[in-house]
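Chains, contacts and geometry: an overview
Each chain, letter by letter, is given below.
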Amino acid sequence: FLKSRSANAHAMMASKALVLLAIAGVVLACRGAVVPSPRRHDGVLGRFSETVLPLRGVSESGLEFGSAIPGTYNKDYTAPANSSIDYFSQHEFTLIRVPFLWERLQPSLGQAFDDAYFGHVAGAVAEATSNGLHVLLDVHNYARYRGHVIGAKGSPVTTSDFADLWSRLATVFKGNKLALFGLMNEPHDMPTELVVSNANAAIAAIRATGASNLITVCGNAYSGAHSWNQSWYGTPNSVAMLNITDPGNNFVFEMHQYLDSDSSGTHADCVSADVGVQAMSGATSWLQTHGYKALLGEFAGGNNPTCKQAVTNLLDHLTQHSGQYAGWIWWSAGPWWGNYMFSLEPPQKPQQAWLAPFL
């Protein structure tokens, strides 16, 4: 893992109460429960039509932490703090991304969700959406389950297993239009065609439930924008992703782009003030050519002048190409980051001031 608001306070409190009451039903995951939308919602672009880029967010890490499976809550992993979610709502962010692990959510393939772990996921969704925030549900598994590549030859984890996961999630959250479905974080080291077939199966399963929620689709090679047109990992994303099919016609590609020397997000320094723009330009042209939109689902830079300018230039690029981009998500916030170089966990960190002009 190292890699707008309510009209008045009374309406907000009532909305929160409705959503939190729904949690009791939600923990019956995939047994017919439906999470209600806390307020009328006209879709991602309709809800925030007054802004250039509607989705402006931050990842709230914690549920994906630790290698122990299933692990122990507040020992191996934790959940986003409600106070942190509320903070980002108050500071004009419009989205929270919630990464979680498939193995903890669904300990046995094809079976019901773990009630306790699902309760943490649903609780974060409830807190965020009661504040009017979108929530991107992020399966943070790199196209694997217990180390096995989804759908690979000889793998015990099938494409159908992945579709089952998303059918269950969509059944629960389809009533909440503030919930967005991030199919899979950063697939890598696998055929790009398999990434596409897994994604298409999940999309079909989601739409079969009647869900119309926005879906985000990562590409291969950690979904790097800089490598979208490259072939060192197999068929380029720019070729294979043309075969993504959504019967609901409501998806965006999710691209990630860090600004350090190897685009990994493991260094505080940024290559140059223009590194982000240079990395995104090829992907931007591809989106323009084919009429797609993308969400920059992860990006960050360390607290130094070069990164400050690189982040500003990158966000300027996205804003100038609002026809191609739905928004951006900073990596990351969360209660256990401590002094992590990219953390936005409250109280306010220096990089938040860089984002403020774009909120």
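Above this text you will find the structure in question.
Read on for a plain summary of the structure. Here the structure is a predicted model, which is why all the values come from computation and not from measurement. (Residues numbered from 1 in each chain as written. Predicted model: local features only at pLDDT ≥ 70, side-chain atom pairs only at ≥ 80, totals over all residues. Heavy atoms only, no water.)

1. Observations concerning the sheet that holds strand E1 (residues 55-60)
Backbone-to-backbone hydrogen bonds join strands into a sheet, with any given pair of strands oriented parallel or antiparallel. Cut-off, in case you're wondering: Any two strands between which DSSP finds at least two bridges are classified as paired. Each helix is a run of DSSP H or I of at least 4 residues and each strand a run of E of at least 2, with the numbering of both proceeding from the N terminus. Here an angle of 0 to 180 degrees is reported between the N-to-C directions of two axes, which are lines fitted to C-alpha atoms, with helices fitted over the stretch in contact. Only heavy atoms enter the contact rule, under which two residues are in contact if any of them lie within 4.5 Å.
Here we have eight strands rolled up into a closed barrel, ordered E1-E2-E3-E6-E7-E8-E9-E10, and parallel in their pairing. Each strand of the sheet is rotated relative to its neighbour by a mean of 25°, with strand direction disregarded. Of the strand pairs in this sheet, strand E8 (residues 251-256) and strand E9 (residues 294-299) are connected by four bridges, and their pairing is parallel. Bridged to Phe253 within E9 is Ala294. The sheet strands contacting helix H3 (residues 82-90) are E1, strand E2 (95-100) and strand E10 (325-333), and the helix crosses E1 at an angle near 160°. Most of the contacts of helix H7 (residues 192-208) go to strand E7 (residues 215-218), to which it runs at about 170°, and overall it touches strand E6 (179-182) and E7.

2. Overview of helix H6 (residues 159-173)
Our working rule: Here, expected helix span is obtained from the residue count minus one, scaled by 1.5 Å. With a 1.4 Å probe rolled over the protein chains alone, any residue whose accessible area is under 20% of its type maximum counts as buried; one over 50% counts as exposed, and the rest are partly exposed.
Over its 15 residues, H6 runs 21 Å from end to end, which matches the ideal 21 Å to within 8%, given 1.5 Å per residue. The set of residues buried in H6 consists of Asp161, Phe162, Ala163, Leu165, Trp166, Arg168, Leu169, Ala170, Val172 and Phe173.

3. With respect to H7
In an α-helix, one full turn covers 3.6 residues, which means residues spaced three or four apart are oriented alike. The end-to-end C-alpha distance of H7, which contains 17 residues, comes to 24 Å, matching closely the 24 Å that a straight helix rising 1.5 Å per residue would cover. A large share of H7 lies buried, amounting to 12 of its 17 residues. Within H7, burial applies to Thr192, Leu194, Val195, Val196, Asn198, Ala199, Asn200, Ala202, Ile203, Ala205, Ile206 and Arg207. Its buried side turned inward, H7 meets strand E5 (148-149), H6, E6, E7 and helix H8 (237-240).

4. Some words on unusual backbone geometry
In this chain, Ile69 is followed by Pro70 through a cis amide linkage whose omega measures 5°. Looking at the secondary structure, you find Pro70 in the loop between E1 and H3. With an omega dihedral of 5°, the bond running from Pro346 to Pro347 counts as a cis peptide bond. Residue placement: Pro347 occurs in the loop between E10 and helix H11 (350-355). The backbone of Glu92 sits at a positive phi, close to 75°, despite the residue not being glycine. Within the secondary structure, Glu92 sits in the loop between H3 and E2. Glu92 gets classed as partly exposed once you look at its relative accessible area, which sits at 38%. Unusually for a residue other than glycine, Ala221 sits at a positive phi of about 60°. Topologically, Ala221 is positioned in the loop between E7 and H8.

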